[in-house]
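Remarks on the overall topology
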Amino acid sequence: MEKIDFLKEHQLLLQKANKEQQFLLHCLQGSFLNPQEKLNWEYFAKQVIEHNVAGVLFNYFSKNENIVPIDVLDTFKNIYEKNIMRHILWANEATNITNALSENGINTVLLKGIGLAETIYPHPGLRSFSDIDFLVPQDKLLKVKDILIDLGYDLIYTDSLKWLLKNNLALSFINKKNKIYLEIHTDIVNNKWYAESTNIDMDAIWQNVISKEINGKKVFLLSPEDNILYLSIHLAVAHGFHGLIWFYDINEFINFYKNKINWDILFERAEKFNIVKPVYLTLLYTAIVFQNEICIKNLEHFRSFKISRFENQLWVGNILNNNKYAHFFFWLMPNSRTEQFKLSLKMFFARREHSIVKSGIYTLMLSTKTIIALLNNYFPSPRRRD
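What comes next is a walk through the structure. Numbering of residues begins from 1 in every chain and follows the order in which that chain's sequence is written. Given that this is a predicted model, residues contribute local features only at a pLDDT of at least 70 and side-chain atom pairs are listed and counted only at 80 or more, while totals for whole chains, interfaces and linings are drawn from all residues. Water and hydrogen atoms were dropped before computing side-chain values, which therefore reflect all heavy atoms in the structure.

1. As for the overall build of the chain
To qualify as a helix, a DSSP run of H or I must reach at least 4 residues; to qualify as a strand, a run of E must reach at least 2; elements of each kind are numbered from the N terminus. Per the secondary structure count, the chain includes 17 helices and 7 strands. Per-residue accessibility, obtained with a 1.4 Å probe over protein chains only, is compared with the maximum for each type, and a residue is labelled buried under 20%, exposed over 50%, and partly exposed between these values. Burial status across the chain gives 51% buried among its 386 residues. Contacts are assigned to residue pairs with any non-hydrogen atoms lying within 4.5 Å of each other. Across the chain, contacts joining residues at least 24 apart in sequence account for 71% of those joining residues at least 6 apart. Residue-level accessible areas treat just the shown protein chains as cover; the underlying method is Shrake-Rupley with a 1.4 Å probe. Of the accessible surface of the chain, which amounts to about 19400 Å², a share of 50% is contributed by carbon and sulfur atoms.

Quick look at the structure:
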């Protein structure tokens, strides 16, 4: 890894941002000063909501009400209060489901939103989430489905169940009475699509889970090291590095656990699981966005890793603006161009026989763009001579 000037990289990121995005980044870093330029507050509010950080910002703006217009503050306040109400209801439901599955001999792990909200966030209104994510053993998935149906949940995409199981995709459920959504996962990265490029040891992950009490009931979470690996993969592969809330989660997670994170183990597992690329890039961009000293220091573990300028530009541009390259997310898992090409062909020729994909033409367009981009990567256009 080349020597990186993180302050310079942060300044370059700010240069690519508009003034509303610059103010947003300053706010998330804790610099809640009045903006020096006149802002489009409607656009600023939309950016805050897009990046899912309204709860975080309201907590600070409510103590400094003169910084933002009252209508913007009220918008954030409404989201903050909804977060609190949802957190109370959904956290209780999460523990009830955990207990119901445990009584049937099924272990579960809470992932992402609600697990983070209960761990690293001091107030329930700070973190929004739209569903409850559970990790369950692969061989218990169908039993989990039956139990959830008995608890009043309906399986979404029932006509695609066979396809979802075949491709090891998460099962989605909804309780139509209380409008709670669930996502049931069996791994931290799809072991069907990425079988050739990753080597995730789920047994090792299950052996390292930690326990926590929510509402007086025990639940399980990923270990700090595995949680960083999972959050990194999720941000990279599922979101293409777009969504400041995901970077904020990782930044707060690292600050919360501090010395409890064993970075040697984290790096060894990233290497063993063959997921160094998405983990390194996520931590790199988190360090650039937030100037996180712990993150900067421990990126030295990845000093042998290199990334092409092409890929780096692809992803840095997506941090603030969800651009047309977002569908290249799967490139982050393969570590070589050959693996990227194979996976792209797999995506290109994959049969889209489920109802989740709305348009076969849209899928074809994305796949075609992928092939063109790959060809450009293999055979870049020659530079013009001045």
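Let's pick the thread back up.
2. Digging into the side chain of S232
Residue placement: S232 occurs in helix α10 (residues 224-239). Every residue in contact with S232, bar those within four places of it in the chain, is listed here: I250, P278, V279 and T282.

3. Brief notes about the pairing of strand β7 (residues 217-221)
One bridge is not enough; two strands pair if DSSP finds at least two bridges between them. Pairing of strand β6 (residues 210-214) with β7 involves 5 bridges; the strand directions are antiparallel. Among the inter-strand pairings, I214 is bridged to a residue of β7, identified as K217. Between the antiparallel neighbours β6 and β7 lie 2 residues, among them N215 with a positive phi of about 55°.

4. Things to note about the packing of aromatic side chains
Geometry of aromatic contacts follows a simple scheme: Phe, Tyr and Trp rings, the Trp one being its six-membered ring, pair when their centres are within 6.5 Å, and the pair is stacked under 30 degrees between planes, edge-to-face over 60, tilted otherwise. Evaluated as defined, the whole model comprises 13 aromatic pairs. Here the aromatic rings of F23 and F61 are separated by 6.5 Å at their centres, their planes lie at 20°, and the arrangement is stacked. Here the residue F23 occupies a position in helix α2 (residues 19-28), and F61 occupies one in helix α4 (residues 54-61), the gap between them amounting to 38 residues. Exposure remark for F61: the relative accessible area of 0% places this residue in the buried category. Put simply, the rings of F23, W41, F44, F61 and F76 touch in pairs and so form one group of aromatic residues.

5. Observations concerning the nonpolar core
For our purposes a nonpolar core is just a set of buried Ala, Val, Leu, Ile, Met, Phe, Trp, Tyr and Cys residues, chained together by side-chain atoms within 4.5 Å. In terms of nonpolar packing, the biggest core is built from 84 residues, with F61, L283 and Y285 touching the most fellow members. Take this core: its biggest share by element is 11 residues, from helix α13 (residues 276-290).

6. Observations regarding the pattern of salt bridges
For this document, the term salt bridge refers to a Lys or Arg side-chain nitrogen within 4 Å of an Asp or Glu carboxyl oxygen. This model, assessed by the stated rule, comprises 7 salt bridges. Between K112 and D133 there is a salt bridge, with its nearest N and O atoms 3.5 Å apart. Pair noted here: K112 is in helix α6 (residues 112-117) and D133 is in strand β2 (residues 132-135), with a separation of 21 residues, a long-range link. Under the relative-accessibility criterion, D133 is labelled buried at 2%. K145 serves as the salt-bridge partner of D146, at 3.0 Å between the closest nitrogen and oxygen. Look at D146 and you get partly exposed, because its relative accessible area is 40%.

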